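# Analysis of the macromolecular model
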Amino acid sequence: MSIKIEIFLAYKDNFGYLLHDEESGASALIDAGDEKAILAALKRTGWELTDIFITHHHLDHTDAIASLKKKFNVKVTSSLAEGDKIPLSDRKVSAGEKINFAGHEFYVINLRGHTNGHIGYYNEKEGLLFTGDALFSLGCGRMFEGTAEIMWRDLAALRELPDNILVYCGHEYSLANAQFALSVDPHNEKLKKREQQIRNQLAAGKFTIPTNLGEEKALNPFLRADDPIIKANMGMENASPTKVFAALRKAKDNF
Ligand code: ZN
Ligand code: FE
């Protein structure tokens, strides 16, 4: 049976994800920041927390680990490369590893740059991708720790995955990201449509995620640093994708 996913807002603009396997009763959180929001989601669903999968060490993704471990019999999985920046981990994983959640397989993938050991979780069978603060809808995370070379390499590698995948990211930044995307791709009709759709979703009190990976490949400028249209609009026709990516990231920081 397929995984059920409960999406909830945490803090101001973090997304919380609670995954549930009906048959076993197992439930997993993707990231664990806002304890109040997490406990409310558990209460609402009646699901019992058994696992936590962490994408990266920032506090808005890890702050609730200690108290949740006290309350529940929960196993914490996090990135080996983030070391003891993520406390109380029961299992440290690296890219390429396949991990099991109640019979559902998730590949660990590298999504570095926002932090040096940032990872994502990909379920091939059900087409689910959890990207933390590495890839957002129409955007990407700030490059706090990594280099443009590494961040671009890991993001570009996502384009190898099938289009028909649902992307669940760490924050509700879609509108600001759409506006930036339009600034570097102003004549893209599909992008204009997506921006309007985001406005409508937000006005209706809906989440703008999950997004579709195929749509991200086509519209997200941070997956298109080698796209001639983006290069031309940045005035960087002859620059390497890494240089274009770095310029895009810098432009977004100052947008
Ligand atoms: Zn972060
Ligand atoms: Fe975050």
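Before reading on, note that the structure itself is shown above.
Just so it is clear, the model here is predicted, and its values are computed rather than measured. (Residues numbered from 1 in each chain as written. Chains lettered and ligands numbered in written order. Predicted model: local features only at pLDDT ≥ 70, side-chain atom pairs only at ≥ 80, totals over all residues. Heavy atoms only, no water.)

Right, let's talk about the pairing of strand β2 (residues 14-20) for a bit. Residues in a regular strand project their side chains so that they alternate between the two faces of the sheet. Burial runs high along β2: seven of the seven residues are buried. By the alternation rule, side chains of β2 split into Asn14, Gly16, Leu18 and His20 and Phe15, Tyr17 and Leu19, which are all buried. Where strand β1 (residues 4-10) meets β2, seven bridges bridge the pair, whose relative direction is antiparallel. In the sheet register, Leu9 faces β2, and the bridge partner there is Phe15. Here β1 folds back onto β2, and the loop between the two strands holds three residues, one of which, Tyr11, carries a positive phi near 50°. By the bridge criterion, four bridges tie β2 to strand β3 (residues 27-30) in an arrangement that is antiparallel. When the bridges of β3 are listed, Tyr17 appears paired with Ile30. Counted along the chain from β2 to the antiparallel partner β3, the turn is six residues long, and its residue Gly25 has a positive phi close to 85°. (Buried < 20%, exposed > 50% of the residue type's maximum accessible area, 1.4 Å probe, protein only. Helix = DSSP H or I, 4+ residues; strand = E, 2+ residues; numbered from the N terminus. Pairing = 2+ DSSP bridges.)

Before going further, it helps to spend a moment on the coordination of the iron ion (ligand 2). Around the iron ion (ligand 2), the protein supplies Asp60 (OD), His61 (NE2), Asp133 (OD) and His171 (NE2) as donor atoms, at distances of 2.1 to 2.3 Å. Separation of the iron ion (ligand 2) from the zinc ion (ligand 1) amounts to 3.2 Å, with Asp133 serving as a shared donor to the pair. A relative accessible area of 2% places His61 in the buried class. (Donors = N, O, S within 2.8 Å, 3.2 Å for Na, K, Ca; no water.)

A complete count under the given rule lists 16 salt bridges for this structure. Lys4 is the partner of Glu22 in a salt bridge, and the nearest nitrogen-oxygen pair spans 3.0 Å. Of this pair, Glu22 sits in the loop between β2 and β3 while Lys4 sits in strand β1, and the two are 18 residues apart along the sequence. Since its relative accessible area comes to 39%, Glu22 is described here as partly exposed. Classification of Lys4 as partly exposed rests on a relative accessible area of 39%. Notably, a salt bridge pairs Arg112 with Asp154, separated by 2.8 Å at the nearest N-O pair. Taken together, the positions of Arg112 in the loop between β8 (104-110) and β9 (119-123) and Asp154 in helix α4 (residues 148-157) put the pair 42 residues apart, joining distant regions of the chain. Ionic contacts of the salt-bridge type, sharing partners, join the residues Arg142, Arg249 and Asp253 into one network. (Salt bridge = Lys/Arg side-chain N within 4 Å of Asp/Glu carboxyl O.)

A separate point is the nonpolar core. Among the nonpolar cores identified, the biggest contains 28 residues, and Leu129, Leu155, Leu158, Leu161, Val244, Phe245 and Leu248 are the most heavily contacted of them. For this core, the secondary-structure elements that each account for two or more residues are α4, α5 (174-184) and α9 (241-253). Take this core: its biggest share by element is five residues, from α4. Val244 has contacts with Ala225, Ile230, Lys231, Met236 and Ala239, leaving out every residue within four places of it along the chain. (Core = buried A, V, L, I, M, F, W, Y, C linked by side-chain atoms within 4.5 Å. Contact = heavy atoms within 4.5 Å.)

Coordination of the zinc ion (ligand 1) by the protein involves His56 (NE2), His58 (ND1), His114 (NE2) and Asp133 (OD), with metal-donor separations of 2.2 to 2.3 Å. One can describe the donor arrangement at the zinc ion (ligand 1) as irregular, given that its four donor atoms subtend angles of 84 to 172° at the metal. Counting gaps between the donor residues of the zinc ion (ligand 1) yields the pattern H-x1-H-x55-H-x18-D. The buried category is assigned to His114, whose relative accessible area is 5%. (Tetrahedral: all angles 85-135°; square planar, octahedral: opposite > 155°, others 65-115°.)

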